[in-house]
Amino acid sequence: MAKPVSIEVWNPNGKYRVVSTKPMPGTRWINLLIEQDCRVEICTQKKTILSVEDIIALIGDKCDGVIGQLTEDWGETLFAALSRAGGKAFSNMAVGYNNVDVNAANKYGIAVGNTPGVLTETTAELAASLSLAAARRIVEADEFMRAGLYDGWLPNLFVGNLLKGQTVGVIGAGRIGSAYARMMQVILLSKSPDVVFSSILGTYGQFLKANGEQPVTWKRASSMDEVLREADVISLHPVLDKTTYHLINKERLATMKKEAILVNCSRGPVIDEVALVEHLKQNPMFRVGLDVFEDEPYMKPGLSEMKNAIVVPHIASASKWTREGMATLAALNVLGKIKGYPIWGNPNQVEPFLNENAQPPAASPSIVNSKALGLPVSRL
Ligand SMILES: NC(=O)c1ccc[n+]([C@@H]2O[C@H](COP(=O)([O-])OP(=O)(O)OC[C@H]3O[C@@H](n4cnc5c(N)ncnc54)[C@H](O)[C@@H]3O)[C@@H](O)[C@H]2O)c1
Ligand SMILES: O=C(O)[C@H](O)CO
């Protein structure tokens, strides 16, 4: 069995043993655990993705809770090991929990936490950045400059797409998808700071109309194909499950406009990446911005050579405030279950847990299997 070699221990005499499979940003999450009598052990092994065996060794004989990462395979084997060690709680440091077999956790009565809300805007901002960078070919142009190839302005140099007036399609209009859509409006509205935000689109539409411009409109599509056919920019934000695996496949790519921009900040397998590479080859004006990959951390053959693809290493939630907040939420999920606290009533409103100048509420911010486990809900 591969034993993790390097562990950092905080508050060695703490009553409850909480393990984090990775160092996480900030120290607030550690302090909050220590204040509540936890011994915190952080695996500092220099290995990006820990195996199931590594994590079993980390759990050991006594472990009250684990904070883990989306790269880990939390299934029957790990929940059985955590249960044997007396564990009551696991939290992903992520909103997505497709790496977790919640039924297996239910079987052992282990609460499963995630970190919604705190990363909504940060992730939406990366989706917007990728949309704009793809439209205006920013990465290609940057490489061109650095290679010393720029020898003067040319009418045809890095001509991209104008986004004004184009249609943005959002597939998976949950927290992040909606924030992405709102942001597009906010970018436009920032030019008119006097516009009241009571009904963003309505008010802005009236403003545009009054100025003789085409009003911004929105509509709910009746099918995904309608979105794919009509949108100029499509941003993917669904959960990954059986219904969204290869949601974007060869046929659907063919439905999209030849010069469309496709952005994926959800999970890699939502796109059939082999089909995507072929589509990028056949349609040089079709562009993608990808934060996630089907076989992450690897890219399917050919993708890295495609000039019409922008690829970044799963950094959509990577702002300091967000990553520290995710660590705090994950730690408080585990702590809350250990201490027998109720579940926070609204996992979309997690601000009270993130205020560094106040004690967080005595609750678990977000436990995805709270109903299945019959856990009480906070009245705070
Ligand atoms: N790249 C990153 O770093 C990053 C960061 C945060 C979240 N994510 C991913 O984004 C996902 C969404 O996060 P969220 O907080 O917005 O979650 P959410 O639950 O608020 O939204 C998910 C949306 O997907 C929709 N959906 C589910 N199945 C669908 C289908 N078959 N077709 C279309 N839509 C479908 C749901 O109705 C819901 O509106 C997470 O599950 C995670 O995998 C990635
Ligand atoms: O699901 C998540 O939270 C992300 O992928 C990590 O930011």
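Residues numbered from 1 in each chain as written. Chains lettered and ligands numbered in written order. Predicted model: local features only at pLDDT ≥ 70, side-chain atom pairs only at ≥ 80, totals over all residues. Heavy atoms only, no water.

**Quick notes on the overall build of the protein**
Here is the rule we go by: Working definition: helices are DSSP H or I runs of at least four residues, strands are E runs of at least two. Numbering for both runs from the N terminus. Our radius of gyration looks at C-alpha atoms and nothing else; its globule reference is 2.2 Å times the residue count to the power 0.38. Note on exposure labels: buried denotes an accessible area under 20% of the residue type's maximum, exposed denotes more than 50%, and partly exposed covers the range between, all computed with a 1.4 Å probe on protein chains only. In this description, contact between two residues means that some pair of their heavy atoms is separated by no more than 4.5 Å.
Each helix and strand in the protein was counted, giving 14 helices and eleven strands. The C-alpha radius of gyration computed for the protein amounts to 23 Å, which stays within 12% of the reference 21 Å derived for 380 residues, consistent with globular compactness. Overall, the C-alpha framework of the protein stretches about 70 × 50 × 40 Å when taken along its three principal axes. Looking at the protein residue by residue over its 380 residues, the buried ones come to 50%. Of all intrachain contacts in the protein linking residues separated by at least 6 positions in sequence, the fraction that spans at least 24 positions is 66%.

**Thoughts on the packing of aromatic side chains**
To keep it simple, the criterion reads: Whether two aromatic rings pair depends on their centres lying within 6.5 Å, for rings of Phe, Tyr and Trp, where Trp uses its six-membered ring; planes under 30 degrees apart make the pair stacked, over 60 edge-to-face, and the rest tilted.
Inspection of the entire model under this criterion finds six aromatic pairs. Judged by centre distance (5.0 Å) and plane angle (80°), the rings of Phe144 and Phe158 are edge-to-face. Remark: Phe158 occurs in the loop between helix H6 (138-146) and strand S7 (168-171) and Phe144 occurs in helix H6; sequence separation between them is 14 residues.

**Examining the site of ligand 2**
Threshold: By convention in this text, a residue qualifies as near a molecule or strand provided that one of its non-hydrogen atoms is within 4 Å of it. Pairs of N or O atoms within 3.5 Å make up the polar contacts considered here, provided that, within protein, one atom can donate a hydrogen while the other can accept it, and that residues adjacent in sequence are counted only when both atoms are side-chain atoms.
Taken together, the neighbourhood of ligand 2 is formed by Leu70, Ala94, Val95, Gly96, Leu119, Arg267, His314, Ser317 and Met326. Between Gly96 and ligand 2, the recorded distance is 2.9 Å, taken from a backbone N or O atom to an oxygen atom.

**A look at the nonpolar core**
Note the cut-off: Among buried residues, the Ala, Val, Leu, Ile, Met, Phe, Trp, Tyr and Cys ones that are joined through side-chain atoms within 4.5 Å form a nonpolar core.
Trp29, Leu33 and Ile67 are the most contacted members of the largest nonpolar core, which has 48 residues in total. Listing elements by their share of this core, those giving two or more residues are strand S2 (16-20), helix H1 (28-35), strand S3 (38-43), helix H5 (120-135), helix H7 (175-189), strand S9 (261-264), helix H12 (320-339) and helix H13 (351-354). If you tally residues by element for this core, the top one is H12, at nine residues. In contact with Trp29, other than residues within four places in its own chain, are Ser20, Met24, Val40, Ile42, Ile67, Ala327, Thr328 and Ala331.

**Here we look at the packing of H1 against H12**
This is how it is decided: Convention adopted: a line fitted to C-alpha atoms gives each axis, helices being fitted over their contacting stretch, and angles between N-to-C directions are expressed from 0 to 180 degrees. What sets the label is the angle itself: under 35 degrees gives roughly parallel, over 145 gives roughly antiparallel, 65 to 115 gives roughly perpendicular, and the rest give oblique. Helix crossings get a hand from a simple test, with the near helix turned counterclockwise from the far one by less than a right angle marking a left-handed crossing and a clockwise turn marking a right-handed one. The residue classification treats Ala, Val, Leu, Ile, Met, Phe, Trp, Tyr, Cys and Pro as nonpolar and Asp, Glu, Lys and Arg as charged. All others, Gly included, are polar.
Two elements in contact, H1 and H12, have axes whose closest approach is 8 Å; the angle formed by their N-to-C orientations is 20°. When the axis of H1 is compared with that of H12, the two are roughly parallel. H12 is crossed by H1, and the crossing has right-handed handedness. For the pair H1 and H12, the contacting residues are Arg28, Trp29, Leu32 and Leu33 in the first and Ala327, Thr328, Ala331, Leu332 and Leu335 in the second. A class-by-class count of the residues in the contact of H1 with H12 yields seven nonpolar, one polar and one charged.

**Digging into the confidence of the model for the protein**
Which entries qualify depends on this criterion: The predictor attaches a confidence to each residue, called pLDDT, with possible values from 0 through 100.
Looking at the protein as a whole, the pLDDT averages 89, with 91% of positions reaching at least 70. Considering only residues more than four positions removed or in separate chains, one finds that residues 185-198, a stretch of pLDDT under 50, has 17 contacts.

**Some remarks on the environment of Phe144**
Overall, Phe144 belongs to the buried group, its relative accessible area being 18%. Not counting chain neighbours up to four residues away, the residues in contact with Phe144 comprise Leu149, Tyr150, Leu157 and Phe158.

**Some thoughts on the sheet that holds S2**
This is how it is decided: Two strands qualify as a pair provided DSSP detects at least 2 bridges between them.
One open sheet holds the six strands; their spatial order is S1-S3-S2-S4-S5-S6, and the pairing between them is mixed. Looking along the sheet, the strands with just one partner apiece sit at the ends: strand S1 (7-10) and strand S6 (111-113). The mean inter-strand angle of the sheet, taken between neighbouring strand axes irrespective of direction, is 15°. One ladder, built from three bridges, connects strand S5 (residues 89-92) with S6; its direction is parallel. When the bridges of S6 are listed, Ala89 appears paired with Ala111.

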